[in-house]
Amino acid sequence: MQSHEVDDSWSFKELGRVQTSYLTHGYHRYPAKFIPQLTARLIKENSRIGDLVCDPFMGSGTTLVEAVINGRRAYGTDINPVAVLISKAKTTPIEPAFLKRQISHLLGDMKADIGNKHHGQIPLLATSDHFDITIPENARLEYWFPEKQKTDLAIILSRINTIEDKKVRIFLLCAFSNILKGCSRWMMKSVKPTIDKKKVIADAY
């Protein structure tokens, strides 16, 4: 029987979370992610600069990010709309100073809205020409989210949806998606819908 020597360099076992979460790779949790170093090596060894890299099951967009930063063009698809949102957010460039200003304004507005709501100064449904806070009536929301988190998340989502710049709005919707698990009763270490009765549920803001 012929024996083959194992190339241990493909294990990337020397890498920690910091090394595998660079750029936008750590922006949103996602199950069964490839580490970017593996994807980058495969792209470099099997394509040339300017080539089109296609990922038909792109998940959270690791392959797309690595294709772009390594000088390739990238195209991806996924049946999961959350995966599409994450991939768009991770691969769409935004001028940092502009993004920082948008986030600063948003956080100020959200903090005021949430503070006012919990001090009884605005109703659950507040409407103006530019801002509409609504909480859908859904038994699953009641099951997974405590009342405070559910209300705060509704305010945050409503504020994000007022952002006019589409790139910034997608970036912030991705951030919103990433906090949902922490703000719910869902067990953090489980990818299956499991209630954690001892969980300290995060504050949405």
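No experiment lies behind these values; they were computed from the predicted model shown. (Residues numbered from 1 in each chain as written. Predicted model: local features only at pLDDT ≥ 70, side-chain atom pairs only at ≥ 80, totals over all residues. Heavy atoms only, no water.)

**Brief notes about the packing of helix α7 (residues 147-160) against helix α8 (residues 166-179)**
Selection criterion: In this description, a line fitted to the C-alpha atoms serves as the axis of each element, helices being fitted only across the stretch in contact, and the angle between N-to-C directions of two axes falls anywhere from 0 to 180 degrees. Helix numbers and strand numbers start at the N terminus; a helix is a DSSP run of H or I with at least 4 residues, a strand a run of E with at least 2. For classification, angles of less than 35 degrees are called roughly parallel, those exceeding 145 degrees roughly antiparallel, those between 65 and 115 degrees roughly perpendicular, and all remaining angles oblique. The sense of a crossing depends on the near helix, which, turned anticlockwise from the far helix by less than a right angle, makes the crossing left-handed and, turned clockwise, makes it right-handed. For this analysis, residues touch if any pair of their heavy atoms sits within 4.5 Å. Ten residues, namely Ala, Val, Leu, Ile, Met, Phe, Trp, Tyr, Cys and Pro, are considered nonpolar, four, namely Asp, Glu, Lys and Arg, are considered charged, and the remaining ones, Gly among them, are considered polar.
Viewed as axis vectors pointing N to C, α7 and α8 meet at an angle of 165°, and their least axial separation amounts to 10 Å. It follows from the interaxial angle that α7 and α8 lie roughly antiparallel. In terms of crossing hand, the pair formed by α7 and α8 is left-handed. Contacts between α7 and α8 pair L153, I156, L157 and I160 from the former with R169, L172, L173, F176 and I179 from the latter. Looking at the contact of α7 with α8 residue by residue, the classes come out as eight nonpolar, no polar and one charged.

**A short note on the pattern of salt bridges**
Operational definition: The salt bridge criterion pairs a side-chain nitrogen of Lys or Arg with a carboxyl oxygen of Asp or Glu, the two atoms within 4 Å.
The full count for this structure, using the stated rule, is nine salt bridges. R41 is the salt-bridge partner of D7, the closest N and O atoms lying 3.6 Å from each other. Taken as a pair, D7 in the segment before α1 (17-20) and R41 in helix α2 (residues 36-46) lie far apart in primary sequence, 34 residues in all. For K150, the salt bridge is made with E142, and the minimal N-O distance between the two is 2.5 Å.

**Some points on the nonpolar core**
The condition is simple: Grouping buried Ala, Val, Leu, Ile, Met, Phe, Trp, Tyr and Cys residues that are joined through side-chain atoms within 4.5 Å yields what is termed a nonpolar core. Each residue is assigned to one of three classes by its accessible area relative to the maximum for its type, calculated with a 1.4 Å probe on protein chains only: buried under 20%, partly exposed between the two thresholds, exposed over 50%.
Counting residues in hydrophobic clusters, the biggest one holds 26 residues, and the most contacted among them are L106, L153, I156, I160, V168, F171 and L172. Where this core is concerned, the elements lending two or more residues are α4 (81-91), α5 (96-118), α7 and α8. Looking at this core element by element, the count peaks at six residues for α8. Filtering out sequence-adjacent residues up to four positions away, L106 remains in contact with R159, I160, I163 and L172.

**A word on the layout of surface pockets**
For clarity, the threshold we go by: Residues are said to line a cavity or pocket when one of their atoms sits within 4 Å of a point; the points come from a 1 Å grid over protein atoms alone, cavities being sets where a 1.4 Å probe fits but cannot get out and pockets being open sets with protein on both sides within 12 Å along at least five of seven lines. Grid points are joined across faces, edges and corners, and a volume is the space filled by probe spheres set on the points.
Approximately 530 Å³ is the volume found for the largest pocket. Around the largest pocket sit 17 residues that line it, and H28, R29, S177, K181 and W186 are the ones nearest its centre. Of all the secondary structure elements, the ones that give two or more residues to the lining of the largest pocket are α4 and α8. Looking at side-chain class alone, the lining of the largest pocket contains ten nonpolar, five polar and two charged residues.

**A look at α2**
To keep things clear, this is the line we draw: The reported arc concerns the directions from the helix axis to the C-beta atoms and nothing else.
P36, Q37, T39, A40 and I43 are the residues of α2 that are buried. Mapping the buried residues of α2 onto a view down its axis gives an arc of 160°, with all of them on the same face. Exposed side chains of α2 directed beyond 90 degrees from the buried face belong to E45 and N46.

**Comments concerning the pairing of strand β1 (residues 52-55)**
Applied cut-off: When DSSP finds at least two bridges between two strands, those strands are taken to pair.
Only one face of β1 is buried, namely the one carrying V53 and D55, since none of L52 and C54 on the opposite face is buried. In this structure, β1 lies alongside strand β2 (residues 73-76), joined through four bridges in parallel fashion. Each bridged residue has a counterpart across the sheet, and for D55 the counterpart in β2 is G76.

**Here we look at the confidence of the model for the protein**
Quick note on the threshold: Looking at any residue, its pLDDT shows the predictor's confidence there, from 0 to 100.
Looking at the protein as a whole, its pLDDT mean stands at 90, while 91% of the residues score no less than 70. Mean pLDDT across the secondary structure elements of the protein bottoms out at α5, with 88, and peaks at β1, with 98. Between residues 122-129, whose pLDDT stays under 50, and residues either more than four places distant or in other chains, the model counts 16 contacts.

**Quick notes on the side chain of S87**
With respect to the element layout, S87 can be found in helix α4. Using a relative accessible area of 3% as the deciding quantity, one classes S87 as buried. Excluding its chain neighbours within four sequence positions, the residues that come into contact with S87 are M58, G59, S60, G61 and L64.

**Observations regarding the packing of aromatic side chains**
Applicable threshold: Only the six-membered ring of Trp is used, alongside the rings of Phe and Tyr, when aromatic pairs are assigned; centres must lie within 6.5 Å, and planes under 30 degrees apart are stacked while those over 60 apart are edge-to-face, with the rest tilted. Throughout this description, the term charge over a ring refers to an Arg CZ or Lys NZ atom that lies within 6 Å of the ring centre and within 35 degrees of the ring normal.
One pass over the full model with this rule turns up three aromatic pairs. Ring geometry for Y27 against F171: centres 4.7 Å apart, planes inclined by 20°, an arrangement best described as stacked. Placement of Y27 in the loop between α1 and α2 and of F171 in helix α8 is noted, with a sequence separation of 144 residues between them. Aromatic rings pair up to connect Y143, W144 and W186 into one cluster. Between the NZ or CZ atom of R41 and the centre of the ring of W10, over which it lies, the distance is 3.8 Å. Its guanidinium or amino end placed over the ring of Y143, R140 lies 4.7 Å from that ring's centre, counting from NZ or CZ.

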